[in-house]
Amino acid sequence: MNLLVVGGGGREHAIIKKLKENKSVSAIYALPGNGGIAADATCVSIGATDIDKIVEFAVANAIDYAVVAPDDPLVLGCVDRLREKGIPCFGPDAKAAIIEGSKAFSKNLMKKYGIPTASYEVFTELPKALEYLKTAPIPTVIKADGLALGKGVIIAQTREEALEAVTDMMANAKFGKSGSTVVIEEFLTGPEVSVLAFTDGKVVKPMVSSMDHKRIGDNDTGLNTGGMGTIAPNPYYTEQIAAQCMEEIFLPTIAAMNAEGRTFKGCLYFGLMLTPNGPKVIEYNCRFGDPETQVVLPLLESDLLTVMQACTNGTLAETEVKFADKCACCVITASGGYPESYGKGYEITMTTDAAAHTYVAGAKLEDGKLLTSGGRVTGTTAVADSLADAVKKAYELANGVEFENAYRRSDIGQRALAALK
Ligand code: AMP
Ligand code: GLY
């Protein structure tokens, strides 16, 4: 089979490595892929949002199955366009991808169908938002409506900060068009859990739970990022909570999307907060999480391609989705300065052991050298019988990844380890 994977980050590297385990796979093309993915797939320099070129390439290269991994091509309808050409895909169509593409949509969906989430208001006019903030409870949470690379969320600790954030988004277009509509919501507290779930629109099969570390600094300080490291499983996510989430969140979400005529097929990501009043949805993503995927897929024992095809074909009920009873930890190595400005073009070196456990996110190949080209550069994953061992091993391996100005959080997994005690 000829496979095509749209995207070019650490998540796509993890997906490609897993897909390669299937013996019927003869070729994998990554569009655009990256310098590290080039070791595992044929990278073609077509951007992940260049839908016309992606479709053209897929047709010309007899692609049998396509995996569209990032949010923007999904929201732009890449899956719809490939399907029109008869190419089966993993991922939701544009109608369903809106669950991530518009926070106003997803908040209204949850309200309409009684799915637990933070209370909120949606604003399209700055003066109304500013008026509302005069009396809103503080801290408050301000979110740009559209896609913003995981950075469109501001937790305002003071009223001034809230006013400034809303003004930045709505009047100064800090997140471009994504911020012309904003959601202002209740500040929730509690441990966060990421649950990625396979669904064919009929049944939902959650993957092993995970915990992201979104802030740039140790002890969850500093700016929000795309994610600085992950562990799986998440110790806060007990069997009882999992059952409650299935009942109150996962199944109702699938049913709600069906009722709206927006059947979701693919990987639905539930960003949850375990509040004192029960689990609540912080966000939905219409895709695999990054770097959650880098701990979840290494624990998947079932064949990824088979499971993905079952989501496409509506046969997930009779397809086994099995995870190893082990733990994983992924440590991101980023360019110093990220998520603000950072340098690029530094040569990356890895020990053999590190390279074997590392997914490459932001790097390009030039004259045979791997050079940094993004904020999050690599994700190094270790699997072990205990979380403590996975964390220890992941750091030992990640220390073998070097480039100028490299930065890692030093506490990935520590909160989870403390919770286990
Ligand atoms: P999001 O991009 O919506 O996942 O938000 C990024 C991060 O902001 C989340 O992982 C949470 O840590 C935090 N966050 C988002 N919404 C809330 C909320 N309502 N209350 C508290 N923290 C939140
Ligand atoms: N790690 C969070 C995300 O993929 O959005």
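Note that the coordinates shown come from a computational prediction; the quantities given were computed from them, not determined experimentally. Each chain has its residues counted from 1, running along the sequence as written. Whichever chain is written first becomes A and whichever ligand is written first becomes 1, with later ones labelled in order. Only residues with pLDDT of 70 or above have their local features reported here, since the model is predicted, and side-chain atom pairs are shown and tallied only from 80 upward, although totals for entire chains, interfaces and linings are computed over all residues. Excluding hydrogens and water, the side-chain values take into account all heavy atoms of the structure.

A. How the structure looks around the site of ligand 1. Near ligand 1 lie 16 residues; those nearest to it are Glu-185, Glu-186, Leu-188, Glu-192 and Glu-283. A distance of 2.8 Å separates a nitrogen atom of ligand 1 from a polar backbone atom of Leu-188. Surface accessibility follows the Shrake-Rupley procedure with a 1.4 Å probe radius. Residue values consider only the protein chains on display as shielding. Out of a free accessible area of 470 Å², ligand 1 has 93% covered by protein chains. At the level of elements, strand 7 (140-144), strand 8 (153-156), strand 9 (182-186) and strand 17 (278-285) are the ones that each hand at least two residues to the shell around ligand 1. When we say a residue is near a molecule or strand, we mean one of its heavy atoms is within 4 Å of it. Distance and chemistry together define a polar contact, namely a pair of N or O atoms within 3.5 Å, with one atom able to donate a hydrogen and the other to accept it when in protein, and with adjacent residues in sequence counting only for side-chain atoms on both sides. Secondary structure elements are defined from DSSP: runs of H or I of at least 4 residues count as helices, runs of E of at least 2 residues count as strands, and each element is numbered from the N terminus.

B. Just the site of ligand 2, in detail. By nearness alone, every residue bordering ligand 2 is listed as Asp-212, Lys-214, Gly-226, Tyr-269, Asn-285, Arg-287, Gly-289, Asp-290, Pro-291 and Glu-292. In this structure, Asp-290 approaches ligand 2 through a main-chain N or O atom, which is 2.9 Å from an oxygen atom. Burial of ligand 2 by the protein chains amounts to 91% of its free accessible area of 200 Å². Of the residues contributing to the shell around ligand 2, the split by class is two nonpolar, three polar and five charged. Asp, Glu, Lys and Arg are counted as charged, while Ala, Val, Leu, Ile, Met, Phe, Trp, Tyr, Cys and Pro are counted as nonpolar; the rest, among them Gly, fall into the polar class.

C. Focus on the sheet that holds strand 16 (residues 266-275). Note: two strands are recorded as paired if DSSP finds a minimum of 2 bridges between them. Spatially, the four strands line up as an open sheet ordered 11-10-16-17, and their pairing is antiparallel. Each of the sheet's edge strands pairs with one partner strand only, and the pair in question is strand 11 (204-206) and strand 17. Taking each pair of neighbouring strands and ignoring which way they run, the sheet shows an average axis angle of 35°. The sheet contact formed by strand 16 and strand 17 spans seven bridges and is antiparallel. Residue pairing in the sheet places Met-273 in a bridge with Lys-280 of strand 17. Here a residue-residue contact requires only that any non-hydrogen atoms of the pair lie within 4.5 Å. Helix axes are fitted only over the stretch in contact, all axes being lines through C-alpha atoms; the angle between N-to-C directions runs from 0 to 180 degrees. The sheet contacts of helix 9 (residues 239-259) involve strand 10 (192-199), strand 11, strand 16 and strand 17, and relative to strand 16 the element is tilted by about 130°.

D. Highlighting the pairing of strand 10. Burial analysis of strand 10 places seven of its eight residues in the buried class, the great majority of the element. Where strand 10 and strand 16 come together, eight bridges link them in antiparallel fashion. Bridge pairing in strand 16 places Thr-199 opposite Gly-266. The pairing of strand 10 with strand 11 spans three bridges and is classified as antiparallel. Bridge assignment links Thr-199 to a residue of strand 11, and that residue is Val-204. Here strand 10 hands over to strand 11 after four residues, with Gly-201 in that stretch at a positive phi of 90°. Here the term buried applies to any residue with accessible area under 20% of the maximum for its type, exposed to any over 50%, and partly exposed to those in between, with areas from a 1.4 Å probe on protein chains only.

E. The arrangement of the sheet that holds strand 3 (residues 42-43) in detail. If you walk across this open sheet you meet the five strands as 3-2-1-4-5, and the pairing is parallel. Each end of this open sheet is capped by a strand with a single partner; those strands are strand 3 and strand 5 (89-90). As judged from the six bridges shared by strand 1 (residues 2-7) and strand 2 (residues 27-32), these two strands associate in the parallel manner. Each bridged residue has a counterpart across the sheet, and for Leu-4 the counterpart in strand 2 is Tyr-29. Against the sheet, helix 1 (residues 10-19) engages strand 1, strand 2 and strand 4 (65-68), with an angle of about 165° to strand 1.

F. Local environment of the packing of helix 6 (residues 103-113) against helix 9. At their nearest, the axes of helix 6 and helix 9 sit 10 Å apart, and the two run at 105° to each other. As the angle between them shows, helix 6 and helix 9 are arranged roughly perpendicular. Of the residues in helix 9, those in contact with Phe-105, Leu-109 and Tyr-113 of helix 6 are Ala-256, Met-257 and Ala-259. Broken down by class, the residue content of the contact of helix 6 with helix 9 amounts to six nonpolar, no polar and no charged. Orientation categories follow fixed angle ranges, with anything under 35 degrees roughly parallel, anything over 145 roughly antiparallel, 65 to 115 roughly perpendicular, and all other angles oblique.

G. Local environment of the state of the cysteines. When the sulfur atoms of two cysteines come within 2.5 Å, that pair is taken as a disulfide. Per the counting criterion, the structure on display carries zero disulfides. Cys-267 provides the cysteine sulfur closest to Cys-245, a residue in no disulfide bond, and the two sulfurs are 16 Å apart. In this structure Cys-245 comes out as buried when scored by relative accessible area, which is 0%.

H. Examining the side chain of Ser-210 more closely. The topology assignment puts Ser-210 in the loop between strand 11 and strand 12 (211-212). Residue class for Ser-210 comes out buried when judged on its relative accessible area of 0%. Those residues within four positions of Ser-210 in sequence are excluded, and the remaining contacts are Val-193, Ser-194, Ile-231, Ala-232, Asn-234, Glu-292, Val-295 and Val-296.

I. Molecular detail of the packing of aromatic side chains. Here the aromatic set is Phe, Tyr and Trp, taking the six-membered ring for Trp, and pairing holds for ring centres within 6.5 Å; pairs whose planes are under 30 degrees apart are stacked, those over 60 apart are edge-to-face, and all others are tilted. Using the criterion set out here, one finds eight aromatic pairs in the structure. Judged by centre distance (5.2 Å) and plane angle (45°), the rings of Phe-123 and Tyr-132 are tilted. We classify Phe-123 as buried; its relative accessible area is 10%. Exposure remark for Tyr-132: the relative accessible area of 28% places this residue in the partly exposed category. Aromatic ring contacts, followed pair by pair, group Phe-90, Phe-198 and Phe-288 into a single cluster.

Shape is all these values report; function is a separate question.
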